[in-house]
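Coordinate inspection notes
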Amino acid sequence: MKRTKQNRFSNRRKNKVDKSTQNHQQNQTVQSDTEESVQLPRKKVRWEGNSESAEAVADTENGPSSEDDASTSKICLTIFCQSGRIAGAYYDSVRCIVYVLEDTQEDIHFDLTNMLLEQCNADIVLTSSKADDPFISVLQKFAEASGGVFQIRPHKEFTPHRGRDRLLSLPFLSELTTEDTGQCLSSDNSSGAEPGNAYEFMQKRKQAAGDPTMKRWNAAIRLANYASVESSPLCISCLGALLDYLTRERAASDLDDDAGVEGLNISGIEVLTIDQVMHINAEALFSLQIFENESHASIHSDKTKEGLSLFGILDNTRTPLGRSLLRTWLMRPSLSIPVIAARHDAIECFLHPENLAPASALQTHLKGIKNIPRILGLLQSGKAGVGDWQGLVKFTYHSAMLRDALAELHGGDRVEIVQKLVATLDIASFKDTGNAVNETIDWEESTNNNRICVRPYIDEELDQRKHIYAGLDAVLCKVAEQICQNIPVDYTTSLNVVYFPQLGFLICVPMQEEWRSEEGIKVLDGWNFQVSPDHLFSAHVYFKSEEMHDMDMHIGDLHPSIVDREIEIVQELSERILVFSEGMRRTCDVCAEVDCLLAFAEASRAYNYCRPQMSEDPIIDIDQGRHPLQEQVVDIFVPNNAQLVAGIGFSGSAELQTEGNSLPMCSSVVLCTGANACGKVAISATLGIVDKIFTRIQTRESVSKAQSAFMIDLNQVSLALRNCTVKSLILLDEFGKGTIPAGSFAPRCKHNYGAGLFCGVIKHLLNRGSQCPKVLAATHFHEVFQKDMLDPHKFPITFFHMQVLFTSSKGNNLDPGDVSISEDLDLTNHERSEPTFSVAPGEKITYLYRISPGLSRNSHAAQCATIFGLPSRIAQRAQYVSKLLGDHELGQLLEEKMTAEEQENIKAAGIATYKFLAMDLTNDSHEKDIKSRLVKVLGRVHHE
């Protein structure tokens, strides 16, 4: 039997290869449910070009052994939380899919972690040794409650670099199939000749397996099609740790298998969506400008501040916990209608005219509440400073004032968050806490000494020590006078007795000049030299005498003893306060929610926002919607309507709803056209329940990315197509721009690759039928509205355009009746197209920023270029050239710089060419006749 695979290169391993082949032959004769006969070929080098090898691999993939099923049946979750950011990944052995949770913000209660653990129901949980300690405690409790396995792995397994290497080795990312490329990438190995030496073997293996560098590049490009993990280092780390675990488990069940990560049966990566919160990735947050960090004005400062963003508009919070919670809400919006309705009820209550004063009072008192959970943590560790203790007292005061302000709210007793806050405010305990702190801590002395000091009459022993310490100056002066009487007159002119903590009492003598010589410092009998920083330069010298030892014995080291006693008293106070720590934390959490809702109410009052009606149905119905950011930067904002219903595609269950002669009122896809710079993406929408938001709006290019702008756009759209559901929302703005014309398309369509891709994406979404998501798209590809492409008669798409106003050079409005309407489409009454104006020099365009039904067949790029500063002659020339290119009249451009004689010669040559092509030379046998006919065609005189 001819061996089709090898697993060793040297001749000294030949016997082992032969033995493996013999075992394979023997196993083929055995009919076993464990399918051991197909397991052996998996352990050898795969050559895609070999037919027998391909069959063995296919059999192996279609029929995995029971051992593999047993090893991968358990769900392993790798999860990592560091500095308040969390990410995770787990493997579904049934679908062969890896699910990832991209980097996101976690709160102090680890709510997202608990939701992820419950949703995944993991049997094995792995985390890094450098994960946050409270996070590790949460994982331990989950493992103990569920009976699962919890392991803390070395941090080297949770590094982004290691994870990226593992990811780029996965075959489904690195190896392009025939379906992906439209052609076979494998070389022709039909000859079946065995390699004669190691060099030939490696060459043949490279031809079959492909270039490793190219594979890695392919994997890096295609990775963004599945998940946005490039900007999620924690997520990449979790993926790497997960792949390491799967590889170890596979190796343990099959000891001879050394395929590593490449041998794992993984067919895809999907973004993990938590059931209770919306999924919105970093690209969507950036494109929708949810957050915006502005750099400091100074180039020497790395500080940032919040710029024009949705978070900046809504952030009227007064507490640090409220600001953090608001950021969390915007990053992970809730999908629970009861939760959303409860928040809306609270905002509506705070907006009531009778509640303006109580709401203002609530915000005032919330401003006095500091980060109490952090303060309690410092108290527990004994590191709380003066400001922390003052913050605790302020909390006890303002919490009592909050209770009074809540009582003044009109209708507040029917609001859930108000009821919740009233229930958590334990005013009696908080008041006792504040009184105990105020009665114990001496604020003035603490501020002066920069440490916590205790008031008098709290501890008798402490008061006695402080009394002695306060009268120490007089005692030291008296002792110094007595010592001066007992020392030689010529020894020193003056001395002092001083006290140093930890050193005790010392005699301080001024440095003499003769002591700086080689003889050194003169020490009297009964004295001991103690310390002098540098006797050549110091101004004083310190000694210990018998009197100093007596003072150390009887008086002692006063300052440390005072500090130690105060620490003991403060520690006792901390233990009394920490009994109420859990109630304080709950109160602060509820206060953070109230702070966020008050901030929403303040923004709603300032910008005239209204309450939406929430529904489980995937529908968007907006009347006079406004963009919250756009209206802040323009003088006049024009509101627009929007209607979307998911699930209306080809063969969709929903029916189109129309009104009068307008375009379809409700559909799943809204396509907006219009002139350049008309503000199509300024459409604002108040959404219902949307589980995911995907965008293709902005392209963030970087020299660090080996991708073009168009490739980045493709990755964003591919990510949306792979992960969207019927409840998702997709926003596409100018997808496909910047692509080159494609000659393979129909000439009359005059569209390019980008237009074809745009049509393909829209058709693909519509082909999902009842699972079609909600899509808002804006495009300048007017050529796609053809009968063989996005035909308005056949496609369930709502067409809108942004209106513009044309004015003449004299300031008069142009009458639409004076211009022609595009005849490319035979539009009915309910499918109107905007007139195509031919704008003359001096005429202007005014953008109305108003949506109207129908199509716009002209982007007016030349006029837009003139408005924004491009010379009119250049814009007119560009418009002329574009028209010739669109009409395939390239010859006119070439003839512009030719003389009349050259143009006549080219015309004559063209006529001769047509005549020559019309000649029939198949029946002419005489060379003389052929030559004469050619001379006649060329218009020349024939000479015999």
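**Things to note about the state of the cysteines**
Here the structure, examined in full by the defined rule, presents zero disulfides. Unpaired in terms of disulfides, Cys81 finds its nearest cysteine sulfur in Cys238, a separation of 10.0 Å. Here Cys81 falls in the buried class, since its relative accessible area comes to 1%.

**Notes on the sheet that holds strand β16 (residues 669-673)**
Strand order in the open sheet made by the seven strands is β7-β17-β18-β19-β16-β20-β22, with mixed pairing throughout. Each edge of the open sheet carries a strand with a single partner, namely β7 (279-280) and β22 (844-853). Where β16 and strand β20 (residues 797-807) come together, five bridges link them in parallel fashion. Its bridge partner being in β20, Leu671 is matched across the sheet by Phe799.

**Focus on the sheet that holds strand β5 (residues 149-153)**
Overall, mixed pairing links the six strands, which are arranged β5-β4-β1-β2-β3-β6 in an open sheet. Since the sheet does not close on itself, it has two edges, and those belong to β5 and β6 (268-271), each with one partner. Pairs of neighbouring strands in the sheet enclose a mean axial angle of 20°, with direction left out of account. Here strand β3 (residues 97-105) pairs with β6 via four bridges, running parallel. Its bridge partner being in β6, Val98 is matched across the sheet by Ile269. Packed onto the sheet, helix α11 (residues 233-253) meets β1 (76-82), β2 (85-92), β3, β4 (124-128) and β5 and runs at close to 30° relative to β2.

**Details of the environment of Lys420**
As for its position among the elements, Lys420 is in helix α19 (residues 416-424). Accessibility expressed as a relative area gives 40% for Lys420, which makes it partly exposed. If we skip the residues at most four places from it in the chain, Lys420 touches Val590 and Glu593.

**Topic: the pattern of salt bridges**
Scanning the entire structure with this criterion turns up 22 salt bridges. Between Glu157 and Arg248 there is a salt bridge, with the nearest N and O atoms lying 3.8 Å from each other. Within this pair, whereas Glu157 is found in the loop between β5 and α6 (160-168), its partner Arg248 is found in helix α11, the two being separated by 91 residues in sequence. A relative accessible area of 8% places Glu157 in the buried class. Salt-bridge contacts for Lys466 lead to Glu566; the nearest nitrogen and oxygen are separated by 2.8 Å. Placement of Lys466 in helix α22 (residues 460-470) and of Glu566 in helix α25 (residues 558-578) is noted, with a sequence separation of 100 residues between them. Look at the salt bridges and you will find they share partners, linking Glu445, Arg451, Lys466 and Glu566 into a network.

**Observations regarding the packing of aromatic side chains**
A complete count under the given rule lists 15 aromatic pairs for this structure. Plain terms: the ring middles of Tyr469 and Tyr499 are 6.3 Å apart, the flat faces sit at 80° to each other, and that makes the pair edge-to-face. With Tyr469 in helix α22 and Tyr499 in strand β10 (residues 496-500), this residue pair connects regions lying 30 residues apart in the sequence. On the basis of relative accessible area, Tyr499 is assigned to the buried category, the value being 13%.

**Some thoughts on unusual backbone geometry**
With phi around 50°, Asn121 is a residue other than glycine that occupies positive phi space. Position of Asn121 relative to the elements: it lies in the loop between α4 (111-120) and β4.

**Considerations on the confidence of the model for the chain**
Mean pLDDT over the chain stands at 77; residues scoring 70 or higher make up 76%. A low-confidence stretch, residues 653-664 (pLDDT under 50), is modelled with 26 contacts involving residues beyond four sequence positions or located in other chains. Across residues 741-751, confidence stays below pLDDT 50; counting only partners more than four residues off in sequence or on other chains, it has 20 contacts.

**What about helix α26 (residues 581-607)?**
Three- or four-residue spacings in an α-helix give side chains the same orientation, since the helix completes a turn every 3.6 residues. Along its 27 residues, α26 runs 39 Å from first to last C-alpha, staying within 8% of the 39 Å computed at 1.5 Å per residue. In terms of burial, α26 is largely enclosed, as 19 of its 27 residues are buried. Asn608 sits one or two residues past α26 and shows a positive phi near 60°.

**Digging into the side chain of Lys544**
Structurally, Lys544 can be placed in strand β13 (residues 540-544). Judged by its relative accessible area of 6%, Lys544 falls in the buried class. Separated by 3.5 Å, the side chain of Lys544 and the backbone oxygen of Leu503 make a polar contact. In contact with Lys544, other than residues within four places in its own chain, are Leu503, Gly504, Phe505, Leu506, Gly526, Trp527, Asn528, Gln530, His549 and Asp552.

Scoring rules and cut-offs
Residues numbered from 1 in each chain as written. Predicted model: local features only at pLDDT ≥ 70, side-chain atom pairs only at ≥ 80, totals over all residues. Heavy atoms only, no water. Disulfide = S-S within 2.5 Å. Buried < 20%, exposed > 50% of the residue type's maximum accessible area, 1.4 Å probe, protein only. Pairing = 2+ DSSP bridges. Helix = DSSP H or I, 4+ residues; strand = E, 2+ residues; numbered from the N terminus. Axes fitted to C-alpha atoms, helices over the stretch in contact; angles between N-to-C directions. Contact = heavy atoms within 4.5 Å. Salt bridge = Lys/Arg side-chain N within 4 Å of Asp/Glu carboxyl O. Phe/Tyr/Trp six-rings, centres within 6.5 Å; stacked < 30°, edge-to-face > 60°. pLDDT = per-residue confidence, 0-100. Expected span 1.5 Å × (residues − 1). Polar contact = N/O pair within 3.5 Å; in protein donor to acceptor, adjacent residues only side chain to side chain.

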